[in-house]
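# Remarks on the overall topology
Next come the chains, spelled out residue by residue.
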Amino acid sequence: PAGLALACALHDRGLAVRVLEQSDAATLANPADDGREIALTHRSRRVLERLGLWDRLGEVAPLRRASVRSSGSRTPLPFEADGQDLGWLAANHRIRAAAWAGAQQRGIEVLCGRTVTGLQREARAAAVDTRCGERHEAPLVVAADSRFSPLRRLAGIGARHQDFGRSALLVPLAHERDHEGVAQECFLEGHTLALLPKAGRRCSAVWTVANAELPRLMALDDAGLAAAITSAAEGRLGAMRVDGARHAYPLVAVWAQRFVAPRLALIGDAAVGMHPVTAHGYNLGLYGIEALSRRLDPARDPGEMGALLAYEAEHRRAAGPLYAGTNALVRFFTDDRTPVLALRRAVIDLARHLPPLRAAITRRLVDA
């Protein structure tokens, strides 16, 4: 969805855009539900509204408050924004479908079933070769092809990968009690559980577990899995039942060593792939789209290095602290040594009595 959203933004800037896409058109128009719920900030909503994509999302659940707890902490740590929602939760497949519809409405050329196999860059243009024997030339090539970006590799740009040794098990649930629009983040011994509110008495459980534990949980039937999540959630939403297909994803964070090179830019997860705990992955992608499209002028060479370097500087400033902070947070809250567990509880209990700290964190979460 980052690539298609960027195509919409560049088209609106007056640039000619061609998208090379591996999937087929039917998959892009009606993507399968992949279980992922994306938390969107106020700034991301404004970007999507400007692109005409927000109203295409359909069901969007308001995120009114959030609470964080650790094993043994006395009371959850609350986060709320005075007079406004923290953000909104939208299904990833709906975001993908909205981006496709936006590209189609604009008449953007999308060539499906294309796999890029080669990249050449010259002084005034770049070219990509595809497996089906085509060559496509343009003044600028943008890689929006995942955190394991083949195009990034073809360009010789390295990336730091942090494999957390854990996977996220995503389970849609229906439950007995009203979630009241509250997202719960529970840092427990050996695992982490997030409950993300959806419309009605439904939520998405994001259960982060050790890779060695994942096969056992995937093998549980729906009743057993719902009971296990209900227990991990300490029954805070009452009895639960599985309300759809479960999905699992390995957790690997990625930071590209460079976001640009001559005639090339990286966007979305190809530039920064985030751990989902702070829910900024797609938001950062949208911020990068905003930063890049703002600097590309149809009256000038879109591959001009000065504009690309300005985009890189802005996006690294925005993404760097979030990337480093998120990884540090994950290390701290998944360290189950006894002294660290005690410190985790103390940090949460102390933060409850520091409203300015909570307000600062909330402003970062809201990104209004």
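Presented here is an overview of the structure given in this document. Here the structure is a predicted model, which means the values were calculated and not measured.

### Re the sheet that holds strand β6 (residues 87-91)
- Spatially, 3 strands are ordered β2-β6-β3 in an open sheet, and the strand pairing comes out antiparallel. In this open sheet, the two strands that pair with only one neighbour each are β2 (37-40) and β3 (60-63). Averaged over all adjacent pairs, the angle separating strand axes in this sheet is 30 degrees, with direction ignored.
- As defined by bridge partners, β2 adjoins β6 across 4 bridges and the pair is classed as antiparallel. Bridge pairing links L40 to W88 in β6.

### Overview of the environment of L48
- Mapped onto the fold, L48 is located in helix α3 (residues 42-50).
- In this structure L48 touches L40, L53, W54, L57 and L286, once residues within four positions along its chain are discounted.

### Here we look at the state of the cysteines
- Following the criterion strictly, the structure yields 0 disulfides and no others.
- Take C112: it sits in no disulfide, and the sulfur closest to it among the cysteines is that of C132, at 12 Å.
- Sulfur of C203: no disulfide; nearest cysteine sulfur belongs to C186 and is 10 Å away.

### A look at the environment of S146
- The residue S146 is located in the loop between β11 (141-143) and α5 (150-154) in this model.
- The class of S146 is partly exposed, set by a relative accessible area of 35%.
- Taking the C-alpha atoms as reference points, S146 and A159, separated by 13 residues in sequence, lie 12 Å from one another.
- In contact with S146, not counting residues within four places along its chain, are R152, D269 and A270.

### Remarks on unusual backbone geometry
- Phi at S146 takes a positive value of approximately 85 degrees, unusual for a residue other than glycine.
- At R263, a position not held by glycine, the phi torsion is positive, near 65 degrees.
- Its place among the elements puts R263 in the loop between β18 (260-261) and β19 (264-266).

### A short note on the side chain of S293
- Note that S293 resides in helix α8 (residues 281-295).
- Setting aside its immediate chain neighbours within four residues, S293 contacts A9, L10 and R13.

### Overview of the pairing of strand β15 (residues 202-210)
- Most of β15 is tucked away, with 7 of its 9 residues classed as buried.
- For strand β12 (residues 159-175) and β15, the ladder comprises 9 bridges, and the chain directions are antiparallel. Its bridge partner lying in β15, L170 is registered against V206.
- Where strand β14 (residues 191-197) and β15 come together, 7 bridges link them in antiparallel fashion. Paired with P197 across the bridge in β15 is C203.

### A word on the sheet that holds strand β8 (residues 116-121)
- The antiparallel open sheet is built from 3 strands, whose spatial order is β8-β9-β10. Because the sheet does not close on itself, it has two edges, and the strands there are β8 and β10 (135-138). Strand after strand, the sheet turns through a mean of 20 degrees between neighbouring axes, direction not considered.
- Relative to β10, strand β9 (residues 126-130) is paired through 4 bridges, and the arrangement is antiparallel. From the neighbouring strand, D129 faces β10, where its bridge partner is R135.

### Observations regarding the packing of helix α1 (residues 2-12) against α8
- Two numbers describe how α1 lies on α8: the axes approach to 10 Å, and their chain directions differ by 25 degrees. Considering their axes alone, α1 and α8 lie roughly parallel with respect to each other. In the crossing of α1 with α8, the sense of the turn from one axis to the other is right-handed. Counted together, A2, A5, L6, A9 and L10 of α1 and Y282, L286, I289, L292 and S293 of α8 form the full contact between these two elements.

### Considerations on helix α7 (residues 222-232)
- Residues L225, A226, I229, T230 and A232 constitute the buried set of α7. Down the axis of α7, the buried set is contained in an arc of 165 degrees. They therefore lie on one face. Looking at α7, the residues exposed on the side facing more than 90 degrees away from the buried face are A223 and S231.
- Residue E234 follows α7 closely and has a positive phi angle near 55 degrees.

### Topic: the environment of D221
- In this fold, D221 is placed in the loop between α6 (214-219) and α7.
- Its relative accessible area of 51% is what places D221 among the exposed residues.
- Measuring from C-alpha to C-alpha, the distance between D221 and V242 comes to 9.5 Å, with 21 residues separating the pair along the chain.

Criteria and thresholds
Positions within a chain are numbered from 1, following the residues in the order the chain's sequence is written. This being a predicted model, a pLDDT of at least 70 is required before a residue's local features are given, and a value of 80 or more before pairs of side-chain atoms are given or counted; all residues contribute to the totals for chains, interfaces and linings. Side-chain metrics rest on all non-hydrogen atoms present in the structure, leaving aside hydrogens and water. At least two bridges found by DSSP between two strands is the condition for calling them paired. Helix numbers and strand numbers start at the N terminus; a helix is a DSSP run of H or I with at least 4 residues, a strand a run of E with at least 2. Between the N-to-C directions of two axes lies an angle of 0 to 180 degrees, each axis being a line fitted to C-alpha atoms and, for a helix, fitted only over the stretch in contact. In this analysis, two residues are considered to be in contact whenever any of their non-hydrogen atoms come within 4.5 Å of each other. In what follows, a disulfide is any cysteine sulfur pair within 2.5 Å. Relative accessible area decides the class of each residue, using a 1.4 Å probe on protein chains only: under 20% of the type maximum gives buried, over 50% gives exposed, and in between gives partly exposed. The labels follow the angle: roughly parallel below 35 degrees, roughly antiparallel above 145, roughly perpendicular from 65 to 115, and oblique for the rest. Two helices that cross are described as forming a left-handed crossing if the nearer one is turned anticlockwise from the farther one by less than a right angle, and a right-handed crossing if clockwise. The directions considered for the arc are those from the helix axis to the C-beta atoms.

So yeah, pure geometry; function would need other evidence.
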